[in-house]
Structure formats: C-alpha cells, structure tokens
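This is what each chain is made of:
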Amino acid sequence: MAGPTELDEVPLDSHPVSNGLDDGSKGGYTKTESSTEIQFMDPNNKDSNHRLTHVVTAQPMNQSLNQPIDMNQRPMDINQRPMYMPRRKNFLQKNCRYCVSACKWLPVVFILSVLCWGHYAFNFQLVGNTLEAPVFLKVLFSLLFHFWFVMCLWSYYQTIFTESQQPPREFWLTIDEVERINSCSTEEQRVHCYQEIVDSRRLPVEARTYSGGFRTCEKCNLIKPDRAHHCSVCDACVLKMDHHCPWVNNCVSFTNYKFFVLFLGYSFGLCIYSAGSSFPFFLKFWKNDLGNSYSKLHILFLFFVSIMFAVSLASLFFYHIYLTLKNRSTLESFRTPIFRYGPDKKAYDLGKKRNWTEIFGDSMLMAFIPLPNQ
Ligand SMILES: [Zn+2]
Ligand SMILES: [Zn+2]
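Residues numbered from 1 in each chain as written. Chains lettered and ligands numbered in written order. Predicted model: local features only at pLDDT ≥ 70, side-chain atom pairs only at ≥ 80, totals over all residues.

Enquirer: I'd like a description of the packing of helix α8 (residues 293-326) against helix α10 (residues 352-360), backed by residues and values.
Expert: Contact pair α8 / α10: the axes reach a minimum separation of 6 Å and the direction vectors enclose 110°. Regarding the angle of α8 to α10, the classification is roughly perpendicular. Within the contact between the two elements, α8 uses T324, L325 and K326 and α10 uses K352, N355, W356 and I359. In terms of residue class, the contact of α8 with α10 is built from 3 nonpolar, 2 polar and 2 charged. (Axes fitted to C-alpha atoms, helices over the stretch in contact; angles between N-to-C directions. Helix = DSSP H or I, 4+ residues; strand = E, 2+ residues; numbered from the N terminus. Parallel < 35°, antiparallel > 145°, perpendicular 65-115°, else oblique. Contact = placed C-beta atoms within 7 Å. Nonpolar A, V, L, I, M, F, W, Y, C, P; charged D, E, K, R; others polar.)

Enquirer: Before we move on, can you summarise the environment of K138 with the specific residues and values?
Expert: Along the chain, the position of K138 falls in helix α4 (residues 135-161). For K138, a count of 16 C-beta atoms within 10 Å puts it in the partly exposed group. Sequence-wise, K138 and G128 are 10 residues apart; in three dimensions their C-alpha atoms are separated by 7.7 Å. (Buried ≥ 20, exposed ≤ 12 C-beta atoms within 10 Å, placed from the backbone.)

Enquirer: An account of the sheet that holds strand β12 (residues 338-339) is needed here, citing residue identities and associated values.
Expert: A sheet is described by the order of its strands in space; here 3 strands give the open sequence β5-β12-β13, paired in antiparallel fashion. Since the sheet does not close on itself, it has two edges, and those belong to β5 (207-208) and β13 (342-343), each with one partner. Taken together, the 2 bridges between β5 and β12 define a ladder with antiparallel strand orientation. Across the sheet, the residue bridging to R208 is I338, located in β12. (Pairing = 2+ DSSP bridges.)

By themselves these figures say nothing about function.
Given below as structure tokens:
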C-alpha cells in the first residue's frame with residue numbers, strides 16, 4: 001500500500017494544536033488518501049521543527065473524512081472547556097505509592113548490576129588477569145567490549161527515561177461530555193454520543209471495539225486514538241503502546257520503540273561478544289589449564305550468564321525486528337485491530353521500507369544511534 005506523500009510538505013505551524021500536555025509541545029493530524037497520521041513535536045527536540053509521525057490508519061476512508069482538517073474552524077472551542085474528570089486512585093496507589101515506585105526500579109537495578117559485574121569480569125578478570133597477549137591486543141579486546149557496553153547503556157538509558165506520549169488534547173472528553181455519556185441509558189445512545197463528539201472534532205479514529213463501538217478509556221475519560229492503549233502500570237493511555245516492560249520500568253511505545261529495539265540489539269551483541277571471548281577460557285577450565293581460581297570463577301560465570309541472556313535477547317530482538325517490518329505492535333500481534341469493516345492484521349503495513357523508516361528514520365547512520373530521528 002502506498003504511503004502518504006503530502007506529510008513532509010505540511011509546514012509545522014499550518015495547523016498548530018495544543019496536544020493537552022503540560023510540556024507546551026504541539027501536535028496535529030493530517031489525513032491523506034490512504035492514511036491518517038498524527039504528528040507530534042519530538043519531546044526530545046522541542047526547539048527544532050522536527051516532527052515525529054505516527055501512522056494511525058492506513059485504510060481508505062469516507063470521502064467526507066478525506067478533507068484536510070482546519071483546526072481554526074472546528075466548531076468547539078476546546079481551550080475554553082475543562083478537559084477531564086479527576087481520576088480515582090486505588091488503595092495501593094494512595095497508601096503505598098513510594099514503596100510501589102521503589103519496587104518498580106528493582107528489575108532496572110538488577111540489569112545494571114549484571115552489566116557492572118560483566119564489565120568487571122571481562123576487563124579485569126578475563127583481559128587483565130587471565131589473557132596472555134600483547135598489550136595492544138588486550139586494549140583492542142577491551143575497546144570492542146566498551147563499544148557494545150556503551151551503546152547498550154546508552155540505548156537502555158534512552159528507553160527508560162524517554163517519556164511515553166499521551167493522546168492529544170482533542171481526544172479527551174470534557175466534564176459535560178462525560179456527564180452526557182454517563183446519563184445515556186442504552187448502549188445505542190452512548191455510541192451516538194461518542195459519534196457526535198468524534199464528528200464534531202473530526203477525530204481520526206478508525207479502530208473499533210469487538211461490538212463495533214469507539215475505543216474509549218473510562219479511567220482517562222478519553223476516546224482512544226488508533227493504536228493507543230491504557231497501561232495499568234503507568235495508569236495512562238499511551239500512544240502506539242507496544243507493551244509495558246518491567247525491565248525498563250517504562251512503557252515501550254511511540255516515543256521510545258527505536259531505543260528499545262536498539263537496546264535489545266546492542267545487549268545481544270554484548271552477550272555474543274562476551275560469550276565468544278570467554279569460550280576459549282571456558283574450554284581451558286575443563287582441561288584444568290586455568291591457573292587463577294578467583295578469575296576462573298568469574299570467567300565461568302561470564303560465559304554462562306552471556307549465553308543465557310543471549311538466548312532470551314535473540315528471540316526478543318528478532319521478534320521486534322519482524323514486528324517493525326510489519327508495522328505491528330506486540331499488542332496488535334496478539335489481538336488483531338478491528339475496524340468498521342472487521343479485523344485487519346495488516347492495517348498499518350506500509351511496506352517493509354516505509355515501516356522501517358517509521359521507527360528508524362531515513363538515515364542509515366542515525367538508525368543505529370540511540371537518539372531521536374532527525
Ligand atoms: Zn487510559
Ligand atoms: Zn506502562
């Protein structure tokens with residue numbers, strides 16, 4: 001399916017719309033013949049004109065919906081209205097907030113501890129104490145290790161600390177609208193209410209529920225944009241949510257998916273490199289050729305830990321490369337998105353090349369650097 005082409009020609013300020021977030025960033029959406037896209041200012045690059053583009057729908061739509069949206073002529077002055085109801089907090093959130101927050105960081109502390117120990121075992125015990133080679137070779141071994149190590153830590157940091165993006169302001173219900181919807185006595189009336197809101201704001205929502213209604217979040221009081229889901233751990237709706245990953249204590253989603261895939265790739269590379277380097281010493285261990293008993297314990301563990309992580313990382317990494325090439329999130333691969341015409345697993349597929357650039361950008365160099373695409 002051909003991808004939209006008009007997107008790059010739309011100047012950033014042609015339809016400026018507040019996205020409802022406190023960071024002052026702007027967003028908007030553009031409809032083309034074959035797709036609907038939401039555009040956001042890159043949260044990591046607020047001063048530039050750089051936009052992240054998120055394909056929401058790649059399906060033909062009604063002729064009436066194909067017109068470009070003029071945000072200045074929308075019938076509702078959204079800035080004048082309260083946007084959402086206060087949310088209730090459950091017992092845990094109210095009373096054990098700090099304990100729960102601290103516990104959520106334990107997997108991250110575990111990963112960082114393993115990385116730090118791996119650094120010590122490789123550089124000090126393997127290269128420093130055990131490897132019998134000229135100094136330049138030792139330095140080369142260590143430098144190669146540090147390449148994988150630094151890239152792994154960098155992409156890990158970016159995955160953890162890149163905030164996920166909540167739906168733009170237009171998708172949030174006002175207090176009046178929530179009250180109106182709650183007063184509906186039948187499901188038909190509720191669907192009609194939502195339809196009126198979607199029509200009046202011209203929201204680009206194509207995905208539907210199993211019963212054919214709009215996808216809504218009663219916790220956030222909003223109409224979910226396509227591909228957005230509510231994360232119960234983050235307690236928020238997140239754009240293009242892939243899954244919530246406890247190992248990064250963050251949602252893997254629209255804003256940090258590239259960093260997450262890079263983290264998987266670089267940590268897989270680090271494991272393979274460490275396992276390959278320690279393998280000859282692992283063989284020596286069984287022949288009783290390794291002298292220093294303290295070092296050989298570290299080298300043995302380094303080999304086993306590297307192999308163990310490499311196996312689990314390989315399956316995850318190659319699975320996410322496959323999903324990237326299909327423009328499919330983990331959630332969508334398990335639960336096929338539903339549209340007015342029925343379920344469609346390939347709804348967002350724009351072809352392998354375009355799917356790749358959606359995540360990794362046009363530049364081959366930038367694709368491997370854990371920074372936002374230019
Ligand atoms: Zn929500
Ligand atoms: Zn989450």
